[in-house]
Amino acid sequence: MFFALWPDAATANRLHALARALQLLCGGRVMRRDTLHLTLAFLGEVPTVALESVLRLGRLIRGEAFALTVDVAGSWHGNRVVWAAPSTPPGALQALAAQLCTGVRNAGLALDERAFNPHVTLLRKAHDAPPAGPVAPVHWQVASFALMASERTAQGASYRTLARWRLHQ
């Protein structure tokens, strides 16, 4: 399970177009449009008995809606994973992720200990890193966040929304 920002259809289309453009430069496999997201907090395997605590945590979050501009690209794992990210993450994004991480820890659940690094994975198995510098910006009006379950299928990862919460306007 994980908490994430999930783009609306228009934003997902723009992110997918950016992924296709980067694929021409980097090679690799474009992530499916329906899987594009920005992870806020990765929980991993959550026991069924803890699900209500995780749902309660989501209900208690008091975040503000915000505008997010994804405008830089980079890569990890020897250029195998290509991502896009905001060059300047908004304070509301940082605050939302921090609240979720604190809540997860306070609920006694395990949490990935790496620092929050907001990004959207666009390509896997890329051959080259993206060129240095900005990419065509994708503007994203973030109005909610979601709790997602990840399931493996023959087509790759599939995500199911368990709950979604609105952010304050």
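Structure: see above.
Residues numbered from 1 in each chain as written. Predicted model: local features only at pLDDT ≥ 70, side-chain atom pairs only at ≥ 80, totals over all residues. Heavy atoms only, no water.

## Let's talk about the overall build of the protein
Step number 1: A count of helical and extended segments in the protein gives three helices and nine strands.
Step number 2: Taken over the C-alpha trace, the protein has a radius of gyration of 16 Å; the compact-globule value for 169 residues is 15 Å, and the two agree within 12%.
Step number 3: In terms of overall dimensions, the protein has C-alpha extents of about 45 × 35 × 30 Å along its principal axes.
Step number 4: Looking at the protein residue by residue over its 169 residues, the buried ones come to 46%.
Step number 5: Excluding contacts between residues fewer than 6 apart, the proportion of contacts in the protein whose partners are at least 24 apart in sequence is 75%.
Step number 6: A total of about 8,800 Å² of accessible surface is found on the protein, and carbon and sulfur atoms cover 54% of it. (Helix = DSSP H or I, 4+ residues; strand = E, 2+ residues; numbered from the N terminus. Rg over C-alpha atoms; globule rule 2.2 N^0.38 Å. Buried < 20%, exposed > 50% of the residue type's maximum accessible area, 1.4 Å probe, protein only. Contact = heavy atoms within 4.5 Å. Areas by Shrake-Rupley, 256 points an atom, 1.4 Å probe, with all protein chains shown as cover.)

## A closer look at the pattern of salt bridges
Step number 1: Scanning the model with the defined rule gives three salt bridges in all.
Step number 2: One salt bridge in this structure joins Arg32 and Asp34, with 3.1 Å as the shortest N-O distance.
Step number 3: A relative accessible area of 32% places Arg32 in the partly exposed class.
Step number 4: Across the pair Arg160 and Glu151 runs a salt bridge whose closest N-O atoms are separated by 2.8 Å.
Step number 5: Arg160 sits in the partly exposed class, given a relative accessible area of 42%. (Salt bridge = Lys/Arg side-chain N within 4 Å of Asp/Glu carboxyl O.)

## Quick word on the pairing of strand 9 (residues 156-166)
Step number 1: In the sheet, strand 8 (residues 144-153) pairs with strand 9 via ten bridges, with the strands oriented antiparallel. Its bridge partner being in strand 9, Arg152 is matched across the sheet by Ala157. (Pairing = 2+ DSSP bridges.)

## Re the sheet that holds strand 5 (residues 81-85)
Step number 1: Read across the sheet, five strands follow the order 2-6-5-4-7 without closing on themselves; strand pairing throughout is antiparallel. Since the sheet does not close on itself, it has two edges, and those belong to strand 2 (29-30) and strand 7 (134-142), each with one partner.

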